[in-house]
2 protein chains.
Amino acid sequence: MLRCIEKKQRGKELTAQEIDRIIAGFTAGDVPDYQMAALLMAIYYQGLSDGETTALTKALLASGDRWDFPDEFHPVLDKHSTGGVGDKTSLLMVPMLAAAGYRVPKMSGRGLAHTGGTIDKLESIPGFCAELTRAEALRQLSEVGCVIMSQSEGLVPAEKKLYALRDVTGTVPPPGLIISSILSKKLASGATHIIIDVKHGSGAFFASESEARAFAEKLVSVSRNFRPKVAAAITAMDQPLGNSVGNALEVAEVIRIADERDTESEVSRLCIGLGGALLKLAGEAESREQGEGILAQTIANGKARDKLYAFIRAQKGDIEAFVRAMDDLERKTRVVKVTAQSAGQIARLDALSIAQFSHRQGAGRTRQGEPINPWVGVVLHKKTGDTVAPGDLLAEAYARPDCDENAVEKEVRGAFTIRKQATAPKLLNTIIHG
Amino acid sequence: MLRCIEKKQRGKELTAQEIDRIIAGFTAGDVPDYQMAALLMAIYYQGLSDGETTALTKALLASGDRWDFPDEFHPVLDKHSTGGVGDKTSLLMVPMLAAAGYRVPKMSGRGLAHTGGTIDKLESIPGFCAELTRAEALRQLSEVGCVIMSQSEGLVPAEKKLYALRDVTGTVPPPGLIISSILSKKLASGATHIIIDVKHGSGAFFASESEARAFAEKLVSVSRNFRPKVAAAITAMDQPLGNSVGNALEVAEVIRIADERDTESEVSRLCIGLGGALLKLAGEAESREQGEGILAQTIANGKARDKLYAFIRAQKGDIEAFVRAMDDLERKTRVVKVTAQSAGQIARLDALSIAQFSHRQGAGRTRQGEPINPWVGVVLHKKTGDTVAPGDLLAEAYARPDCDENAVEKEVRGAFTIRKQATAPKLLNTIIHG
């Protein structure tokens, strides 16, 4: 192991055999955490080649079970996002794909971001259960077509152990480590076609589009060494996605979009764009545009709404109780209205500021296992490019009942920059096909 | 801790308070090894400033006892070497300084180099005891003036723990870590004036003179933040020092030099040079040259020999038994004579090759606690700059009894490069005063 650390330290490439032995030893407890931590930090500076990333992905995959699905389920679709503010894409896109007739066994996490992960969001629905056995997941895939569940215990245990160590040693960032982490989890869960949404901007892991593009290209390049087909989308995350940030607030936004059959909302447009690319990747559409048409139709004809309700109910979620709880939000939070102080257009709506505010209100966690507050967050009434007059409502903050209203107002207003003129940003930049 | 790792990772400077907390936490077991390993690897790439190195030295010092000596012992002298091949300087220089009337409480190690450390070398003398209590060391300093002993248990425990981790994580090299390790140990052992021999070349830790110089300058600069005075010498280590490499062989070389009152041997000249600089540093000589004169005199008048014998005997070493054992060396090892195959001058005598050969014969250890073979090694009959004719004896290898003689001969001969003309190298380049 010391020889491998020193090899990587000097910028040399590790062989697949060396990586296999390291991961097997680490999983078995023969490679101590301190040597793995030293290697991870050397990787932080020296990176991992595509070959090393492929070998690491395979080694992580080999550490646990691997799901696969009967032929009649194929193509089995999945999506992943590198994370963004107000990113509720999975909540809408998964039932859309199921409404179009595909199987979508999505595994998701509770996350350590500014708000909870997809599972946390769904758990703001009373009764919702994310812990499914494989048999339960299979039955739901047969009956409903989609499931959104916690990652199954037996899948890629080495990835879990490695991530826990990266998390406390400052070694989450290296692209090769992130790619092998994403791919090993996605490949283990049995999808045949996967789209990865790589986000860049203020509220994203990647600061710039060029970083996101380099990451996406490496990811797709590495994925070519595996049987499932992978495409990557590069999308902007300078402002929060859609009109809400928070846990319950984001679920409510998706329910509203589905109920109103709103194909034009920002969230709908992103889901249609990503889904269109995924259907093209799977050979189910001749072009991305054709795939987009199929998916827009699922919103327009109400079938996406039906699948959304069906999968939530199949997982014991009580949507009516959730709607009642949302009607009562003013008793769970302090609602602070934030208005414009000048006229012009919104030139910037900073995703990170909104995220940090929401986190401080309790929407996210700092340590694993911490409880989160499902009710707090921000509803956005204006977004980048919108025209405003003084006094117009910019946002409503759903803050902790014990908050300082003036501070909340100031903080949320600070996320908005109003100028004479501004243009709305492009959301989805590029798709990189595997 | 994670915040500190990420700070260093980005190349930012840690505060003295942060370093204090890290080392206190690490010593107490609150900072886990894996986080310390990640930080060490970040330091490998980002380095430590003089301020950070000073803070780390202080934090290491604070982790244990600190010896000091009564005023009548002052100045208390010490020396340290960054390590070289055939480096038996301490064995001669310590009794020389004692012979000149100074107290020299030298703590030394068993080492993991190609041959053993100073303590290993002395332990080839039957009966020699390196484990002294503080009271025993004090008594011997009063009676004899010098002691060479293992590092006392209670001194800088954090350094010991940190070094053990560096050793298995590829993080021995960073200069700031080496400097804080050396300085904390030397400062804890109570010397008032210290000279550090920084070696460069094939058999040394530093490959080039410029690396050694940069290290020495940083070391002296950091040492200015402490009360004891420190000077650094920059010396060449392209060929082994003196005429022998091995454990018992090096002790025998020093006994011979002392017995023969040989002021001109390479080892004598280095000890005189380093010692002269040390006496100048301590204000005991007006110039380095004057200090050198004082120390050369101790060899010439036999007082260095008397102190050498006296301190070894005080530590229960049986010199007569050692001499008898050396007379019997041909039964403990296989002696292989290596002769020149061409005429010319020795252009190069590669220290690392001789060191690696000696290590393979059993002169050094690979893991802590491993036994070493005190008898094996190489006696050099020609050195760089010497003129040779075909058939002249270059060296005698004292190899393991089960060795392949032809392979030994070839390997040792391979360390010599003979050309038409060559010049003898300079040994001691520069002294950097604190």
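Keep in mind that this is a model prediction, so the values were computed, not measured.

## Focus: the overall build of chain A
Moving on, step 1. A tally of regular secondary structure across chain A gives 18 helices and 13 strands.
Moving on, step 2. Computed over the C-alpha atoms, the radius of gyration of chain A is 22 Å, within 12% of the 22 Å expected from 2.2 N^0.38 for a compact globule of 434 residues.
Moving on, step 3. Dimensions of chain A, computed from the C-alpha atoms along their principal axes, are close to 65 × 45 × 40 Å.
Moving on, step 4. When the 434 residues of chain A are sorted by exposure, 57% land in the buried category.
Moving on, step 5. A separation threshold of at least 6 residues defines the contact pool for chain A, and within that pool the share at least 24 residues apart is 80%.
Moving on, step 6. Per element, the accessible surface of chain A, about 17000 Å² overall, is 47% carbon and sulfur.
Moving on, step 7. For chain A, the separation between the mean place of its 54 positive charges and that of its 54 negative charges on side chains is 2 Å.

## Regarding the packing of aromatic side chains
Moving on, step 1. Counting across every chain of the model gives 13 aromatic pairs over all chains.
Moving on, step 2. The interplanar angle of 80 degrees and the centroid separation of 4.9 Å between the aromatic rings of A:Y44 and A:Y45 together place this pair among those described as edge-to-face.
Moving on, step 3. Relative accessible area serves as the criterion here: at 27%, A:Y44 is assigned to the partly exposed category.
Moving on, step 4. On the basis of relative accessibility, which here comes to 23%, the residue A:Y45 falls in the partly exposed class.
Moving on, step 5. Note on A:F205 and A:F206: the rings are 5.1 Å apart at their centroids and 85 degrees apart in plane angle, and the pair reads as edge-to-face.
Moving on, step 6. Residue class for A:F205 comes out partly exposed when judged on its relative accessible area of 40%.
Moving on, step 7. Lying across the ring of B:F226, B:K58 places its NZ or CZ 5.7 Å from the centre.
Moving on, step 8. The side chain of B:K161 reaches across the aromatic face of B:F26, ending 4.5 Å from its centre.

## Considerations on the pattern of salt bridges
Any two side chains of opposite charge can pair, on the condition that their charged atoms come close.
Residues and elements named next belong to chain A.
Moving on, step 1. Inspection of every chain in the model, using the stated rule, returns 51 salt bridges over all chains.
Moving on, step 2. Here E411 and R360 are joined by a salt bridge, their closest N and O atoms 2.1 Å apart. Of this pair, E411 sits in helix α18 (residues 405-414) while R360 sits in helix α17 (residues 351-361), placing them 51 residues apart in sequence.
Moving on, step 3. For E411, a relative accessible area of 28% gives the class partly exposed.
Moving on, step 4. Ionic contacts of the salt-bridge type, sharing partners, join the residues R3, K7 and E18 into one network.

## Concerning the environment of B:G302
Residues and elements named next belong to chain B.
Moving on, step 1. Structurally, G302 can be placed in the loop between α13 (288-300) and α14 (303-314).
Moving on, step 2. Since its relative accessible area comes to 2%, G302 is described here as buried.
Moving on, step 3. Sequence-wise, G302 and E260 are 42 residues apart; in three dimensions their C-alpha atoms are separated by 8.6 Å.

## Remarks on the sheet that holds strand β10 (residues 387-388) of chain B
All names here are of chain B.
Moving on, step 1. In space, the three strands of this open sheet follow the order β10-β8-β12, with antiparallel pairing throughout. Strand pairing shows two members of the sheet lacking a second neighbour, β10 and β12 (416-419), which therefore form its edges.
Moving on, step 2. Pairing between strand β8 (residues 344-349) and β12: four bridges, direction antiparallel. Each residue of the ladder has a partner; that of R348, found in β12, is T417.

## Structural notes on the interface of chain B and chain A
Moving on, step 1. In this assembly, 21 residues from chain B lie in contact with 21 residues from chain A.
Moving on, step 2. Area buried by chain B at its contact with chain A is led by B:Q9, B:Y34 and B:Y45, which between them contribute 37% of it.
Moving on, step 3. Along the contact surface separating chain B from chain A lie zero salt bridges.
Moving on, step 4. Our count for the chain B to chain A interface comes out at eight residue pairs in polar contact (both at pLDDT 80 or more).
Moving on, step 5. Broken down by secondary-structure element, the contributors of at least two residues to the side of chain B that touches chain A are α1 (2-9), α3 (33-46) and α8 (157-169) of chain B.
Moving on, step 6. Broken down by element, the side of chain B that touches chain A gets its largest block of residues, 10 residues, from α3(B).
Moving on, step 7. For the side of chain B that touches chain A, a count of residues per class yields 11 nonpolar, six polar and four charged.

## Overview of helix α8 (residues 157-169) of chain A
Moving on, step 1. Here α8(A) is 13 residues long and its end C-alpha atoms lie 19 Å apart, about the 18 Å a rise of 1.5 Å per residue gives.
Moving on, step 2. Inspection of α8(A) places A:A158, A:E159, A:L162, A:L165, A:R166 and A:T169 among the buried residues, and these make up the whole buried set. Along the long axis of α8(A), the arc covered by the buried residues comes to 130 degrees, so they all point the same way.
Moving on, step 3. Packing partners of the buried residues in α8(A) comprise α2 (16-28), α3 (33-46), α4 (50-61) and α9 (175-188) of chain A together with α1 and α3 of chain B.
Moving on, step 4. Positive backbone phi, approximately 70 degrees, marks A:G170, located one or two places after α8(A).

## Examining unusual backbone geometry
Moving on, step 1. Residues A:H74 and A:P75 are joined by a peptide bond in cis, for which omega reads -5 degrees.
Moving on, step 2. You can see A:P75 is positioned in the loop between α4 and β1 (77-81).
Moving on, step 3. Within the chain, A:R261 stands out as a residue other than glycine whose phi angle is a positive 50 degrees.
Moving on, step 4. Residue B:K316 is not a glycine yet carries a positive backbone phi of 70 degrees.
Moving on, step 5. Its place among the elements puts B:K316 in the loop between α14 and α15 (319-327).

## Focus on the confidence of the model for chain A
Moving on, step 1. Mean pLDDT over chain A stands at 94; residues scoring 70 or higher make up 99%.
Moving on, step 2. Reported for the predicted complex are a pTM of 0.85 and an ipTM of 0.81.

## Let's talk about the pairing of strand β2 (residues 104-108) of chain B
Moving on, step 1. Along β2(B), five of the five residues are buried, which leaves the element largely enclosed by surrounding structure.
Moving on, step 2. Burial of β2(B) is two-sided: the residues B:V104, B:K106 and B:S108 facing one way and the residues B:P105 and B:M107 facing the other way are all buried.

## Regarding the relation of the copies chain B and chain A
Moving on, step 1. For the pair chain B and chain A, the superposition axis carries a translation of 0.1 Å, the fit reaches an RMSD of 0.0 Å, and the rotation angle comes to 179 degrees. Put plainly, the chains are arranged around a two-fold axis. Residues of chain B ranked by C-alpha distance from the rotation axis are headed by B:Y34, positioned 1.9 Å from it.
Moving on, step 2. The overlap is high: 100% of the interface residues of chain B also sit at the interface in chain A, so the same surface is used on both sides.

## Structural notes on the domain arrangement of chain A
Residues and elements named next belong to chain A.
Moving on, step 1. According to the domain assignment, chain A consists of domain 1 (2-47), domain 2 (71-321) and domain 3 (330-419).
Moving on, step 2. Averaged C-alpha coordinates put domain 1 and domain 2 at centres separated by 31 Å.
Moving on, step 3. Listed by partner, the interface residues are 11 residues for domain 1 and 11 residues for domain 2.
Moving on, step 4. Each partner contributes to the roughly 980 Å² buried at the junction of domain 1 and domain 2, and carbon and sulfur atoms together form 83% of this total.
Moving on, step 5. Counting the surface domain 1 buries against domain 2, the share from its top three residues, F26, L40 and Y44, is 52%.
Moving on, step 6. Where domain 1 packs against domain 2, one counts zero salt bridges.
Moving on, step 7. Every element with two or more residues in the side of domain 1 that touches domain 2 is listed here: α2 and α3.
Moving on, step 8. When residues of the side of domain 1 that touches domain 2 are assigned to their parent elements, the largest contribution, seven residues, is made by α3.
Moving on, step 9. Residues that form the side of domain 1 that touches domain 2 fall into these classes: eight nonpolar, two polar and one charged.

## Considering the pairing of strand β4 (residues 193-200) of chain B
Residues and elements named next belong to chain B.
Moving on, step 1. Of all eight residues in β4, eight are buried; the element is thus mostly enclosed.
Moving on, step 2. Of the two faces of β4, the one carrying H193, I195, D197 and K199 and the one carrying I194, I196, V198 and H200 are both buried.
Moving on, step 3. Bridge count for strand β1 (residues 77-81) against β4 is five bridges, and the pairing is parallel. Residue L77 lies in a different strand from β4, and its bridge partner there is H193.
Moving on, step 4. With eight bridges joining them, β4 and strand β5 (residues 229-236) adopt parallel strand pairing. Across the sheet, residue I195 finds its bridge partner in β5, namely A231.
Moving on, step 5. Taken together, β4, helix α10 (residues 209-223) and β5 form a β-α-β motif whose crossover is right-handed.

## Structural notes on the environment of A:S49
Residue and element names in this part refer to chain A.
Moving on, step 1. Take S49: it is sitting in the loop between α3 and α4.
Moving on, step 2. Separated by 343 residues in the primary sequence, S49 and D392 have C-alpha atoms spaced 51 Å apart.
Moving on, step 3. Leave out the neighbours within four places in its chain, and S49 touches E13 and K218.
Moving on, step 4. For S49, the side chain forms a polar contact with the side chain of E13, separated by 3.0 Å.

What counts, and where the lines are drawn
Residues numbered from 1 in each chain as written. Chains lettered and ligands numbered in written order. Predicted model: local features only at pLDDT ≥ 70, side-chain atom pairs only at ≥ 80, totals over all residues. Heavy atoms only, no water. Helix = DSSP H or I, 4+ residues; strand = E, 2+ residues; numbered from the N terminus. Rg over C-alpha atoms; globule rule 2.2 N^0.38 Å. Buried < 20%, exposed > 50% of the residue type's maximum accessible area, 1.4 Å probe, protein only. Contact = heavy atoms within 4.5 Å. Areas by Shrake-Rupley, 256 points an atom, 1.4 Å probe, with all protein chains shown as cover. Lys, Arg positive; Asp, Glu negative; His and termini not counted. Charge placed at Lys NZ, Arg CZ, Asp CG, Glu CD. Phe/Tyr/Trp six-rings, centres within 6.5 Å; stacked < 30°, edge-to-face > 60°. Lys NZ or Arg CZ within 6 Å of the ring centre and 35° of its normal. Salt bridge = Lys/Arg side-chain N within 4 Å of Asp/Glu carboxyl O. Pairing = 2+ DSSP bridges. Buried area = accessible area lost by both parts, 1.4 Å probe. Polar contact = N/O pair within 3.5 Å; in protein donor to acceptor, adjacent residues only side chain to side chain. Nonpolar A, V, L, I, M, F, W, Y, C, P; charged D, E, K, R; others polar. Expected span 1.5 Å × (residues − 1). Arc of directions from axis to C-beta. pLDDT = per-residue confidence, 0-100. Least-squares fit on C-alpha atoms with pLDDT ≥ 70 in both. Domains from an automatic or database assignment. Right-handed = clockwise from strand over helix to strand, strands pointing away.

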